[in-house]
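# Commentary on secondary and tertiary structure
If you want the building blocks of each chain, they are given just below.
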Amino acid sequence: MATEYAKVRQQFGRPIGTFGPVKHHCANMLVATEQATGGDDEFMVRSHRDGLKSALKWRDETFGNQYRAADESTSDEAPDEESD
């Protein structure tokens, strides 16, 4: 979406996608997206092949605690209410 916009948006009579900083920013967005979603495919393959417990272990060993915190924040348990 952003790269398509960079191809058509004009500045100084040229598409902004021809400017180096814009190219670098688009490349950085692509890399970040690939890094964020790349583990999902591997997790699904491992989950199907080896079972969920094994896939969760791989995920925690590979990505550390970043997913553990997300798992805890999305639990079905009601949060503790603080008293006033």
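Thresholds, definitions, all that
- Residues numbered from 1 in each chain as written.
- Predicted model: local features only at pLDDT ≥ 70, side-chain atom pairs only at ≥ 80, totals over all residues.
- Heavy atoms only, no water.
- Helix = DSSP H or I, 4+ residues; strand = E, 2+ residues; numbered from the N terminus.
- Buried < 20%, exposed > 50% of the residue type's maximum accessible area, 1.4 Å probe, protein only.
- Contact = heavy atoms within 4.5 Å.
- Salt bridge = Lys/Arg side-chain N within 4 Å of Asp/Glu carboxyl O.
- pLDDT = per-residue confidence, 0-100.
- Expected span 1.5 Å × (residues − 1).
- Arc of directions from axis to C-beta.

## Remarks on the overall build of the protein
Scanning the protein for helices and strands turns up four helices and two strands. For the protein, the N- to C-terminal ordering of α and β elements is α-β-β-α-α-α. In the protein, buried positions account for 10% of the 84 residues. When contacts within the protein are restricted to residue pairs at least 6 apart in sequence, long-range pairs at least 24 apart make up 10% of them.

## Concerning the environment of Val22
Note that Val22 resides in helix H2 (residues 20-50). The exposure class of Val22 is partly exposed, given its relative accessible area of 25%. Linking Val22 and Thr3, residues 19 residues apart in sequence, is a C-alpha distance of 9.1 Å. Setting aside residues no more than four positions away along its own chain, Val22 makes contact with Ala6, Ile16 and Gly17.

## Quick word on the pattern of salt bridges
Enumeration over the complete set of coordinates arrives at three salt bridges. In this structure, the salt-bridge partner of Glu4 is Lys7, at a minimum N-O distance of 3.5 Å. A residue pair is termed a helical-turn pair when its members lie 3 or 4 positions apart in one helix, as Glu4 and Lys7 do in helix H1 (residues 2-8) at three residues. Lys7 gets classed as exposed once you look at its relative accessible area, which sits at 54%. A salt bridge links Asp50 to Arg49; its shortest N-O distance comes to 3.1 Å.

## Things to note about unusual backbone geometry
Phi angles above zero are rare outside glycine, and Phe12 is one such case at about 55 degrees. Tracing the chain through its elements places Phe12 in the loop between strand S1 (10-11) and strand S2 (14-15).

## Description of the confidence of the model for the protein
Chain-level statistics for the protein give a pLDDT mean of 75 and a share of 75% at 70 or above. Mean pLDDT across the elements of the protein bottoms out in helix H4 (residues 66-73) (57) and peaks in S2 (90).

## Thoughts on helix H3 (residues 52-63)
Between its terminal C-alpha atoms H3 stretches 16 Å, which fits the 16 Å expected from 12 residues at 1.5 Å a residue. Among the residues of H3, Ala55, Trp58 and Arg59 are the ones counted as buried. The arc that holds the buried residues of H3, viewed along the axis, is 100 degrees, so those residues lie on one side. Of the residues in H3, the exposed ones pointing more than 90 degrees away from the buried face are Lys53, Lys57 and Glu61. Phi turns positive, to about 75 degrees, at Gly64, one or two residues after H3.

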